[in-house]
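One-letter residues, chain by chain:
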Amino acid sequence: VGRFGLDDTGAIRVVFRAMGDTGRLQTADPTGDNYVTARASNGVTLSVNYAGRGMSARPRWKSLTVNVSNGYMREGDTITIVFGDTRQGSNGLKLQTMVETDFEFKVLADVCAVGHFVPIPDTPTIDIVPGNPEVWRAVLPSLRRPGERFHFGLKAEDKWGNPTPLACAEFRFESTLPVEGLPETFDYPLGERAVSFDDLRVSGEGELRITVLQRDTGNTVAQSHPMMIRQGPHSGYWGDLHGQSGESIGIGTAKSYFTFARDCAFLDLTSHQANDFQVNNKFWSYLNELSVEFLEEGRFITFPGYEWSGNTAVGGDRNVYFRTEGRQIRRSSHALLPEREDLDTDAPDANLLFEALSDEDCVVYAHVGGRYADIAYAHDARLERSMEIHSAWGTFEWMLTDGFAMGHRSGVVCNSDGHKGRPGASYPGASMFGAYGGLTCFLAESLTRDGVFECLRRRHHYGTTGTRLFLDVRADLITDGKCYHDDPNVFPDTDFDMVSQVMMGDIVQIGDAEVTLALEVSAQCPIERIEVRNGLETVQTLRGFSEDDLGERIRVVWSGAEYRGRGRETNWKGRARFDGASIRRMGKINAWNHERRLEQHGRDSVVFDAITTGNFGGFDVWLDDVANARFSIETNLGSLSGSLSEVGLEDIVLDAGGLERKVRIFRLPESNLNRTMSARVRIPLKTGTDNPLWVCVTTEDGFQAWSSPIYVFR
């Protein structure tokens, strides 16, 4: 206690960052986890209360308040707070699942009992460090030309996805193609969070996969994503362009954010996207300095940018990316900024934002975060070229498909929107985030700002829910059509080329009644299905197996959201029973939160407690004794049952209301080895409207990918 003392009914408050997932503090059960106590050195009565939100301002809206009553405190008296008091049987305090240097117990005091809490100096901090290694990750890009350099990343992660320096091993590498610069063996050193092998090259065409094996036993510890070596106009560069650090609402510093993206996630490009109403001019200048510091054309590309964070009522969240530094930030508001001298630079609704950016060399994405973008209220196709349809906040195909009816011609991007300091490898942890963060593959002529900006403006990219698969989607035309350099609805004088084939993201005018969509997919894991779509319609579902290949492997999947806004999380609680059969083994799908229940009970049941936010989760079971067996899936949102013999290739679906909320059950082969698929699909075209031709790929391990649509019109 300082020189003013602490008055009767005064209080101190300890506040924590919103996006940390430390265990919820409690004062009621001394034997339970996260039990908190407080005592005063002079014996006055203290009451302790925890609020998850509402008592403290963003970004530290989790707060523990200790109130004084029946007396007061003098200078030099002390209050001792024990977080995770174990004296009566509690296990202690569960710390957050993500690494953080200088995790703060930020203390504020209301010494005069007036309800005004003032930060005190010398905030206590601790370091939260990685745990023991659980899994090895081997990471490759997805597309390079013969002789073009690339990097191969290797790291060990702990249970919650943090790269850990606690791993060491002796490895040898096996590759499907000769790789110039890759050693045959490697001693992974203790103390490194990740290792990157740079300046690698492959001279000939083919598919490269690298397997990492223990040198002594020959056991496989990791296998890389596939990479196509193919001559052509483009290479594929992976980026996560949307996330933020602890200077706004996230975790860690902006500098560590860029470092992680390059050195631990092995990305080719990134951008920092802080909420604009928390970005003062000094921080904006610093972010511009960082983007220059980390820019290395040909190896790692950065873009200066920010998140325009207006409420949905005035347009909703947008991401702004500038080609060069030094541009004016146009904020949605100064909500958390004390400075007022530059209010005239604000753009308080999305239409005013587009107007203010009309002469800027920039690109805008619409996205869904806490606030979702209302593209009916505001959309400028000159600037807003793509929609972010997946992030750690969930999956939002509707962000793209809503625009089809409005004539929007937008591409697909996926990012993490990560708040945990791990761009490019953004695990949700044990918090409200229900999905692994997304990635975008940019098909560009070169890894330069100019090359990537040309890719962004032509929508030559595809997005995934975090995997790095190879995806190629093209439309073969019967007779040559006009492929426009820009959207002719927006740029009437835009140039065009006469072509017989177009790629994802292109806008093409033809006279024919159909096109042939040619697609190729190569993934790290077997492919479960590929949906070929024309707008909202699924034209054909492709699988690498038929009804005759199915075995006694049953997949149960839950998906969807409550609604489009902040409270979109759907909690699934239930039990799946396979009456008359017995479960030989079970495999989890997208079970990112290890504190959520998903486990086998007895010989024939699986119980689950899961969360979805537009994405999906579930499980596989391999069954024995299936003759005359039945299935029943009981959830808090509905039930589904039937004979197991009725479960086949096609989904049996329970519609659970909400926003595309459903439970599905279907059958798979005992073992599916199809990691590569290609197909040609003839698609009849509608007249008088756009035909947005795109694909959605789902792999057996629960990842998805979407191509930017090819917009065909007659």
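Now for a description of the structure that goes with this document. (Residues numbered from 1 in each chain as written. Predicted model: local features only at pLDDT ≥ 70, side-chain atom pairs only at ≥ 80, totals over all residues. Heavy atoms only, no water.)

## Let's talk about the environment of Asp609
Inference 1: Here Asp609 lies in strand S41 (residues 605-612).
Inference 2: Spatially, the C-alpha atom of Asp609 lies 4.5 Å from that of Lys573, the residues being 36 residues apart in sequence.
Inference 3: In this view, Asp609 contacts Trp572, Lys573, Arg596 and Arg597; residues no more than four positions away in its chain are not counted.
Inference 4: A polar contact of 3.2 Å, which involves the side chain of Asp609, links it to the side chain of Lys573.
Inference 5: Only 3.0 Å separates the side chain of Asp609 from the side chain of Arg596, close enough to count as a polar contact. (Helix = DSSP H or I, 4+ residues; strand = E, 2+ residues; numbered from the N terminus. Contact = heavy atoms within 4.5 Å. Polar contact = N/O pair within 3.5 Å; in protein donor to acceptor, adjacent residues only side chain to side chain.)

## Thoughts on the side chain of Asp21
Inference 1: In this structure, Asp21 sits in the loop between strand S1 (11-16) and strand S2 (36-40).
Inference 2: Lys420 provides the closest opposite charge to the buried, unpaired Asp21, separated from it by 5.4 Å.
Inference 3: There is a polar contact of 2.6 Å between the side chain of Asp21 and the side chain of Thr97.
Inference 4: Leaving out residues up to four positions away in the same chain, Asp21 has contacts with Lys62, Gln96, Thr97, Met98, Lys420, Pro428, Gly429, Ala430 and Ser431. (Buried < 20%, exposed > 50% of the residue type's maximum accessible area, 1.4 Å probe, protein only. Lys, Arg positive; Asp, Glu negative; His and termini not counted. Salt bridge = Lys/Arg side-chain N within 4 Å of Asp/Glu carboxyl O.)

## Comments concerning the pattern of salt bridges
Opposite charge on two side chains allows them to pair when their charged atoms are near.
Inference 1: Scanning the model with the defined rule gives 57 salt bridges in all.
Inference 2: Measuring nitrogen to oxygen at the nearest pair gives 3.2 Å for the salt bridge that ties Asp472 to Arg474.
Inference 3: Here Asp472 falls in the buried class, since its relative accessible area comes to 16%.
Inference 4: With its nearest N and O atoms 3.5 Å apart, the salt bridge here joins Arg577 to Asp579.
Inference 5: Taking relative accessible area as the criterion, Asp579 reaches 40% and is therefore assigned partly exposed.

## As for the sheet that holds strand S15 (residues 195-200)
Inference 1: The antiparallel open sheet is built from three strands, whose spatial order is S10-S12-S15. Edge positions in the open sheet fall to strand S10 (135-139) and S15, since each of these has one partner strand only. Pairwise comparison of adjacent strand axes, ignoring direction, gives a mean angle of 10° for this sheet.
Inference 2: With four bridges joining them, strand S12 (residues 150-157) and S15 adopt antiparallel strand pairing. Across the sheet, residue Phe150 finds its bridge partner in S15, namely Leu200. (Pairing = 2+ DSSP bridges. Axes fitted to C-alpha atoms, helices over the stretch in contact; angles between N-to-C directions.)

As far as function goes, none of this settles anything; it's purely spatial.
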